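Take a look at the letters that make up each chain.
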Amino acid sequence: MPWHYLTEKLMADWKQSSGETILHSHHLMFHLGRDGVKLTIVYIEGDMLFNSIDFAIFLPIVFVLYWFVANKHLKVQNLLLVIASLIFYGWWDWRFLFLLLFTCTSDFYISKFLKRTHDQKRRKLLLTISIIVDLGILGFFKYFNFFQENFIAMFRLFGQEIQGNSLNIILPVGISFYTFQSLSYTMDVYRRQLEPAECLMDYLAFVSFFPQLVAGPIERATNLLPQFYVERTFEYDKAVDGMRQILWGLFKKIVIADNCAIYANLIFNNSSDYSGSTLLLGALFFTFQIYGDFSGYSDIAIGTARLFGFNLMRNFAYPYFSRDIAEFWRRWHISLSTWFRDYLYIPLGGSRGGKLKSIRNTFIIFIVSGFWHGANWTFVVWGTLNAIYFLPLLLTNRNRKNLDIVAQDRKLPSLREFGGIVITFSLTIFAWIFFRAESIVHASQIISSIFSASLFSIPYFIGRSKALVVILLVFTFILFEWNGRKDEYALQKMRLQIFRIDLQWLLYILLIFMIYIFMPVSATSFIYFQF
Amino acid sequence: MRLFIKKCLLFILVLLLLFPVCFYIWGEFIPQIFRNASNVRYIDESNDFMRLRIQEAKTISDIDILVLGSSHAYRGFDPRIFSSHGLEMFNFGSSAQSPLQTEVLLKRYYHSLNPKIVIFEVYPSMFTWDGVESSISLLSSDIIDWHVVKMTLEINNVMTYNSLLLSFLKNMLNKSSSSTNVTKNEIDTYIEGGYVERNQQYYYEPEFIRSSQWEFNESQWQAFERCLKIIESNGAQVFLVYAPVTKNLYTSKLNNDEFLKRLAQYGYLLHDFNAISNLDDSLHFYDSDHMNQKGVEIFNHSLISELNF
C-alpha cells in the first residue's frame, strides 16, 4: 500500500480513536511489522519545537527569569531550570513527565546507595537494578511491538500459530536520550568516577535540562552535572556565541533540512514511481536532510545552553568531510558514539584481546547503535553496514589514521583526501537508504532501481525547478561548512567585510531573512525526536 | 548583561528596518525560479487572468447576472452564451477562489456591479481550502485595503502574509503592475465578461480516483454566510449551482449528499447539475474538474433553461 494512502488512513483512524487531529504525516512514526504497519504517535501539532513560536516565547521568558530574578541563588536557578524543563517536556504530553521523574528518582537513589555500599556484590546488584529499570522502560515503550511481532514470526516459521495483541503504545519523546544520560550517571557512580549528586534537584536539572532533553547531545554526568553545582555568571561573549550557534542551527534545520525533506519524502514515499537517478537524488536529499536536521538541533541545543552559562559537548564536527568511515563516526553524533564506546565497547573488552574480539565488539556497538535508533530491521541493517564499512580499517589498523582536520593548512583538499571524502560520502548515502526506508524490502527495491540502467536517465519528479534551488542552497551550505571546518560550527568565526567595513550584522540579517523566506508553512519536526 | 540586552534590542531594530528592504529586493529583482522556491509569492500574470477580470469589473455596472466561485466558475460559465439569451453576465470566478476571497471581491465591487441575479458556483472543494492560493492571486492583482488585511489575518499563513507585505511595498513604491493587456497565454484565452476559454483540443482520460470525503473548513462556511448577507443587501436573487465535474470525480466523493444538505439549509435555490446533466466524462471534459468548450455550451444552455432566466 503506498505510504501516503497509509498515512491518511492511519491519521483518520487516530482521529476516530482519540479525537485528536494529526495534521502532518511526519508527526507519525511507523515501524513495519508482520501484518503491515504499526503506528506510534510521536507527537502532534502544538509541540514546543526549537523552530516554533512557542519556543521563541518560552526561551526569552526563561532567560530573563534566570538572569534577573533567580540570579541571586544557585538553588533557585536550578529550580527554575527544572520547572522550565518540565514545562518544555510537558508541552508534548504531560503524562510522560511521570516517566521522566521516575527514571530520575530511581537512578538518583540507586546511586546514593551505590556510594554507601562497599560490598561489590550489592553494588553490582544495584547497578543491575538501575539498568533493568531504565532499559525496561525504554524497551517497553520502544520495542514491545517489535519483539512481539518477531516472536510470532519466528514461531510461525516452526509451524506454530500464536496470537499477539499489539499495543497502541505512544513513544515518549526523547526517551532514548534521557535514559542513556541517566544510565551513564549510575555507571559512572558505580565505577567511582563520579560522586553522586547530593540534591535531587541538581540531578533533575541535569537529566531534564531542556536544551538537550529530547534529542541530545547525550551528556555525560562528569561534564554537565558539576556545572549545576557552581555559580553561573553571565558572560557576554559566551551568550553572543550561543545566539550565533542558535542562528546557524536554525539555518541548517529550516533552510537545508526542511527543504531537502520535501523532495526526500516525495521520492522515498513513492519510490516505485521513480527512476534510479531520481532515487539516488532522493537519497542525497535525505543525506543532507538528516545532517541539517540533527546537527541543526544540536547547534540550537548547545547555543541555548550557552545562554544559560552551560557548556554542552560537541555533537557534530563536519562529518561529511570525513576521509574514512572511522573518521565519520568520530564526527557524527559524537555524544552517542562516545557513549557506546565508554559504556559498551570498552566494558566488552574494546580492542584488547585480539582482532577477533575487537571485530565482535565493533559489530556489537554498531548493531546496538542501529537498534537504538528504532525498532525496525532497517536500523539494524544500517548499523551492520557501518560495521562492515569499518572492518577493513580495523583489520589494517588504519581506524585512527585521520585524526586531524581535513586540509588543515590549505584551502582545498589533496586529491587523495578528496577521493577519501567522496568514497566515505558515497558509502554513507548508501547506508542512509536503509535508515530512511520503511522496510528492508523497500530499501532493496530502491537500491535495485538505483543500480539499474535508469541511473543514467535525467531525474524527473514534481517540482524539479524548485528542487534545483534547494540543490543550490545545499551547495552554498557545503561551501560555508568547508570554510568554517576548523571552528566548532561554521558560522562561529565567519566574517562579512565589504571595503574593510565589518558587516557582521548584515550577514546575520541575511541568514534570518533566508530562514524566513525558506521556512515551511508549518514548523516541522526534528527527525531525532523519534529516537 | 546590560550590554547584551542593549545590543539585542538594537539588532532587532536594525533587523526590522532592513527586513522590508531584503523583502522588496527578493520580490522584485530575484529571478522567478528562486521566488517560487521560497514562500514569497507575487503573481505577475496569473493563469486565471484575475488582474484583467478586476480591471473589467471596474468598468461595468448594473449587470443581469454575476457569477462567483472557483475555476469551475470562470471556466464553466460563458458570458457569450448568456448574451445570446439577452443576458449581461459577468464572471468573477478565479483560481481556487474560496468564500474568504469572494467576500473581499463582493465588498469591493458588488454594489457597483449591482446584479439582479447572483450565481454562486458551490464546488465543495472551496469549503475545504485554506484559501492561500487564491489570496495570493488576489493580493497580487488588486489594491491593498483593510478587507485584504482582514482576509490575510483570517487565513493566517506565512505565504499570505508575505504576499500582503510584498504587494504593500510594491504599491507604496508604485511598482505594482495593476493594469494588464495580456488576454492570452499558451492554452487559454480571456473572453470579455470574465470567462476563460481553453484553446486546446484534448479530452479527459478517466483515471483511478480514490474514494474520499470532503473535509470542510468551518471558517470558509462562515465567510460563505457573510457573502450571502452582502448579496442579500441589494435584493438580488441567489442561485447556488454545483457545476458539472466528471462522474469519475463526483462519485469518488462519499459525502456529496451531506454537503448538499448543509447548503440546502440556507434556503436558496440549489441546483446540482451533476445529478441532472448528461455530460460524458470523455467527451465534455478536458480534465477531471473542468468542462471543455463543448461541455460548457451544453451546460450553460441547460442552466439557462433550468433556471428560467
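Keep in mind that what you see is a predicted model, and the values were worked out from it rather than measured. (Residues numbered from 1 in each chain as written. Chains lettered and ligands numbered in written order. Predicted model: local features only at pLDDT ≥ 70, side-chain atom pairs only at ≥ 80, totals over all residues. Heavy atoms only, no water.)

**Details of the packing of aromatic side chains**
Right, on to step 1. This model, assessed by the stated rule, comprises 97 aromatic pairs over all chains.
Right, on to step 2. Here the aromatic rings of A:W67 and A:F234 are separated by 5.4 Å at their centres, their planes lie at 85°, and the arrangement is edge-to-face. A residue pair is termed long-range when its members are at least 10 positions apart, and A:W67 in helix α2 (residues 53-69) and A:F234 in the loop between α8 (221-224) and α9 (236-269) qualify at 167 residues. Neither A:W67 nor A:F234 differs from the other in exposure class; each is buried.
Right, on to step 3. A cation over a ring is seen here: B:K253 above B:W214, with NZ or CZ 4.5 Å from the ring centre. (Phe/Tyr/Trp six-rings, centres within 6.5 Å; stacked < 30°, edge-to-face > 60°. Helix = DSSP H or I, 4+ residues; strand = E, 2+ residues; numbered from the N terminus. Buried < 20%, exposed > 50% of the residue type's maximum accessible area, 1.4 Å probe, protein only. Lys NZ or Arg CZ within 6 Å of the ring centre and 35° of its normal.)

**What about the nonpolar core?**
Right, on to step 1. Within the largest apolar cluster, 170 residues are counted, with the highest numbers of intra-cluster contacts made by A:F210 and A:F308.
Right, on to step 2. Here this core gets 15 residues from one element, more than from any other, and that element is helix α10 (residues 276-307) of chain A.
Right, on to step 3. Not counting the four nearest positions on each side in its chain, A:F308 is found in contact with A:L59, A:V62, A:F63, A:Y66, A:W67, A:L81, A:F210 and A:R232.
Right, on to step 4. Ranked by size, the runner-up nonpolar core spans 56 residues in total, among them B:V104, B:F127, B:W221 and B:L260. (Core = buried A, V, L, I, M, F, W, Y, C linked by side-chain atoms within 4.5 Å. Contact = heavy atoms within 4.5 Å.)

**Some remarks on helix α7 (residues 200-208) of chain A**
Residue and element names in this part refer to chain A.
Right, on to step 1. Across the nine residues that make up α7, a large majority, seven, are buried.
Right, on to step 2. Restricting attention to buried positions, one finds in α7 the residues D202, Y203, L204, A205, F206, V207 and S208.
Right, on to step 3. Each element contacted by the buried residues of α7 is listed here: α3 (74-90), α4 (96-116), α6 (175-190) and α8.

**Topic: the pattern of salt bridges**
All names here are of chain A.
Right, on to step 1. The full count for this structure, using the stated rule, is 29 salt bridges over all chains.
Right, on to step 2. In this structure, D258 and K253 form a salt bridge, with 2.9 Å as the shortest nitrogen-oxygen distance. By the burial criterion, D258 is buried, and K253 matches it.
Right, on to step 3. Sharing partners across several salt bridges, the network here consists of R323, E327, R331, D404, R410 and E417. (Salt bridge = Lys/Arg side-chain N within 4 Å of Asp/Glu carboxyl O.)

**Describing the interface of chain A and chain B**
Right, on to step 1. Between chain A and chain B, the residue contacts involve 28 residues of the former and 29 residues of the latter.
Right, on to step 2. Roughly 2,700 Å² of surface becomes buried between chain A and chain B when both sides are summed, with 82% attributable to carbon and sulfur atoms.
Right, on to step 3. For chain A, the biggest contributors to the area lost against chain B are A:W505, A:I509 and A:F513; these three give 24% of the whole.
Right, on to step 4. Taken together, chain A and chain B are joined by zero salt bridges.
Right, on to step 5. Remark: the boundary between chain A and chain B carries four residue pairs in polar contact (both at pLDDT 80 or more).
Right, on to step 6. Of all the secondary-structure elements, those providing two or more residues to the side of chain A that touches chain B are α1 (3-18), α2, α9, α17 (464-483) and α18 (504-518) of chain A.
Right, on to step 7. The leading source of residues in the side of chain A that touches chain B is α18(A), at ten residues.
Right, on to step 8. A per-class count over the side of chain A that touches chain B returns 24 nonpolar, one polar and three charged. (Buried area = accessible area lost by both parts, 1.4 Å probe. Polar contact = N/O pair within 3.5 Å; in protein donor to acceptor, adjacent residues only side chain to side chain. Nonpolar A, V, L, I, M, F, W, Y, C, P; charged D, E, K, R; others polar.)

**As for the confidence of the model for chain A**
Residues and elements named next belong to chain A.
Right, on to step 1. Per-residue confidence for chain A gives a mean pLDDT of 84; residues scoring 70 or more make up 88%.
Right, on to step 2. Counting contacts from residues 1-10, a segment whose pLDDT is below 50, to residues more than four positions away or on other chains yields 14 contacts.
Right, on to step 3. Here residues 13-45 is a poorly scored stretch, pLDDT under 50, and it has 89 contacts once near neighbours within four places are set aside; other chains count. (pLDDT = per-residue confidence, 0-100.)

**Things to note about the sheet that holds strand β2 (residues 89-91) of chain B**
Residue and element names in this part refer to chain B.
Right, on to step 1. Pairing is parallel across the open sheet formed by five strands, whose spatial order is β2-β1-β3-β6-β7. At either end of the open sheet lies a strand with only one pairing partner, and these are β2 and β7 (269-272). Sheet twist, expressed as the mean angle between neighbouring strand axes with direction ignored, is 20°.
Right, on to step 2. In this sheet, β2 lies alongside strand β1 (residues 65-68) in parallel orientation, the contact comprising three bridges. Note that in β2 the partner of L66 across the bridge is F90.
Right, on to step 3. Most of the contacts of helix α10 (residues 218-232) go to strand β3 (residues 117-121), to which it runs at about 170°, and overall it touches β1, β3 and β6 (237-242). (Pairing = 2+ DSSP bridges. Axes fitted to C-alpha atoms, helices over the stretch in contact; angles between N-to-C directions.)

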